[in-house]
Amino acid sequence: MIVYMFYFLFSSLFLSSTWKVDFAEYKHIYNEHLQHFIRQEKSGKLWMNVNIFPRTNKIVDLALQGELEDAYTLQNLKEKELYFKLELSCPRTGMTEFLNLESEQTTFSERVEYYHFYFSSDIKIELDGKVIPLSEFEFERLFNLSPKGNFYGIIPLKKNSKKLQITISDKLYDHDMSVFVFDLTDIKKLPKLKKIHNPGKN
């Protein structure tokens, strides 16, 4: 009975953003409700995995890695923003980088150039039906250490935003559009994080 009550109490944190938790607790709660923040498409040659997370989750990751000064700096930024990670993979390439899959007449170097410099223009971000620009976008190559390609983006966020839609137009492999929709009210249900005090002060 006590165990059940503890589990119910812990799970209810997701339903209230008034509670403040430490790094480990926040990460646990976020992971417990990860299904709200991940969308996947596994069809065609190119598989996509999109994961959104609030700035708080980024702060927690930095803090758990021991980078408290960076976490503190991020905590004190005034702008609201949402982070996302896009993961691309091609099952046909096995354990080699997804870019090794040939596409029409493109060379490997041309595919690398596309994803580094032009792919971001084929991603459309909509907040509550209004198209907005990405504030940052980065391609992290793993150079055949992993078959996946990771892309990281930052979306300027309004306090009252409710719906996020990410549309990705694949111009190299399947020549198709993939649409991922998120309910941003799920982000607001996450608990607050206990404030980080300036680690530079003794």
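Above this note sits the structure.
Note that the structure is a prediction, hence the values are computed from the model and not measured.

Student: Teacher, can you tell me more about the overall build of the protein chain here?
Tutor: The secondary structure content of the protein chain amounts to six helices and 11 strands. A burial count over the protein chain gives 42% of its 202 residues as buried. Contacts in the protein chain between residues at least 24 apart in sequence constitute 68% of all its contacts with a sequence separation of at least 6. Accessible surface for the protein chain amounts to roughly 12100 Å². Of this, 55% is attributable to carbon and sulfur atoms.

Student: Can you walk me through the pairing of strand 2 (residues 38–41) in this structure?
Tutor: Strand residues, when the strand is regular, have side chains that alternate between the two faces of the sheet. Taken together, the four bridges between strand 2 and strand 3 (residues 47–54) define a ladder with antiparallel strand orientation. Bridge pairing in strand 3 places Gln-40 opposite Asn-49. What sits between the antiparallel neighbours strand 2 and strand 3 is a turn of five residues, in which Gly-44 has the positive phi angle 70°.

Student: Help me understand the sheet that holds strand 3, please; the structure alone is not making it clear to me.
Tutor: Sheets are built from strands paired through backbone hydrogen bonds, the pairs being either parallel or antiparallel. Taken in spatial order, the five strands line up as 2-3-4-8-7 in an open sheet, and their pairing is antiparallel. Since the sheet does not close on itself, it has two edges, and those belong to strand 2 and strand 7 (136–140), each with one partner. The mean inter-strand angle of the sheet, taken between neighbouring strand axes irrespective of direction, is 15°. Together, strand 3 and strand 4 (81–89) form the strand contacts of helix 3 (residues 55–64), whose direction differs from that of strand 3 by roughly 90°.

Student: Got a minute to help me understand the layout of surface pockets in this structure?
Tutor: A probe matching the size of a water molecule, rolled over the atoms, marks out where space remains unfilled. Empty space within the largest pocket amounts to approximately 860 Å³. Forming the boundary of the largest pocket are 26 residues, of which Pro-54, Arg-55, Thr-56, Lys-80 and Lys-192 lie nearest the centre. Sorting the residues of the lining of the largest pocket by element identifies helix 3, helix 6 (185–188) and strand 11 (192–193) as the ones contributing at least two each. Of all the elements, helix 3 adds the most residues to the lining of the largest pocket, at three residues. Class assignment of the residues belonging to the lining of the largest pocket gives a composition of 10 nonpolar, four polar and 12 charged. Quantified by volume, the second largest pocket comes out at close to 380 Å³. Lining the second largest pocket are 18 residues, and of these Phe-53, Lys-58, Tyr-83, Tyr-152 and Ile-154 sit closest to its centre. Among the secondary structure elements, those contributing two or more residues to the lining of the second largest pocket are helix 2 (23–32), strand 3, helix 3, strand 4, strand 7 and strand 8 (149–156).

Student: Is there a simple way to think about the side chain of Asn-51 in this case?
Tutor: Within the fold, Asn-51 resides in strand 3. Reaching out from Asn-51, the side chain makes a polar contact with the backbone oxygen of Phe-37 at a distance of 3.1 Å. With near-sequence residues (within four places) excluded, Asn-51 lies in contact with Tyr-30, Leu-34, Phe-37, Ile-38, Tyr-83, Phe-84 and Lys-85.

Student: When you look at the packing of aromatic side chains in this model, what are you seeing that I'm missing?
Tutor: Two aromatic rings, taken as a pair, are described by how far apart their centres are and by the angle between their planes. Scanning the entire structure with this criterion turns up 14 aromatic pairs. Seen in terms of ring centroids, Tyr-30 and Phe-37 are 4.9 Å apart; in terms of plane orientation they differ by 0°. Their pairing is stacked. Taken individually, Tyr-30 and Phe-37 each receive the classification buried, so the pair is uniform in this respect. Ring plane angle 50° and centroid distance 5.8 Å describe the contact between Tyr-115 and Phe-151, whose orientation is recorded as tilted. Within this pair, whereas Tyr-115 is found in helix 5 (residues 108–118), its partner Phe-151 is found in strand 8, the two being separated by 36 residues in sequence. Look at Tyr-115 and you get buried, because its relative accessible area is 1%. In this structure Phe-151 comes out as buried when scored by relative accessible area, which is 0%.

Student: Please clarify how the pattern of salt bridges should be interpreted in this entry.
Tutor: Pairs may arise between side chains of opposite charge once their charged atoms sit close together. This model, assessed by the stated rule, comprises seven salt bridges. Here Lys-189 ties to Asp-186 by a salt bridge, and the two come within 3.7 Å at their closest N and O atoms. Since its relative accessible area comes to 32%, Lys-189 is described here as partly exposed. Taking relative accessible area as the criterion, Asp-186 reaches 8% and is therefore assigned buried.

Parameters and conventions
Residues numbered from 1 in each chain as written. Predicted model: local features only at pLDDT ≥ 70, side-chain atom pairs only at ≥ 80, totals over all residues. Heavy atoms only, no water. Helix = DSSP H or I, 4+ residues; strand = E, 2+ residues; numbered from the N terminus. Buried < 20%, exposed > 50% of the residue type's maximum accessible area, 1.4 Å probe, protein only. Contact = heavy atoms within 4.5 Å. Areas by Shrake-Rupley, 256 points an atom, 1.4 Å probe, with all protein chains shown as cover. Pairing = 2+ DSSP bridges. Axes fitted to C-alpha atoms, helices over the stretch in contact; angles between N-to-C directions. 1 Å grid on protein atoms, 1.4 Å probe; cavity = no way out; pocket = protein on both sides within 12 Å on 5 of 7 lines; lining within 4 Å. Points joined across faces, edges and corners; volume = space filled by probe spheres on them. Nonpolar A, V, L, I, M, F, W, Y, C, P; charged D, E, K, R; others polar. Polar contact = N/O pair within 3.5 Å; in protein donor to acceptor, adjacent residues only side chain to side chain. Phe/Tyr/Trp six-rings, centres within 6.5 Å; stacked < 30°, edge-to-face > 60°. Salt bridge = Lys/Arg side-chain N within 4 Å of Asp/Glu carboxyl O.

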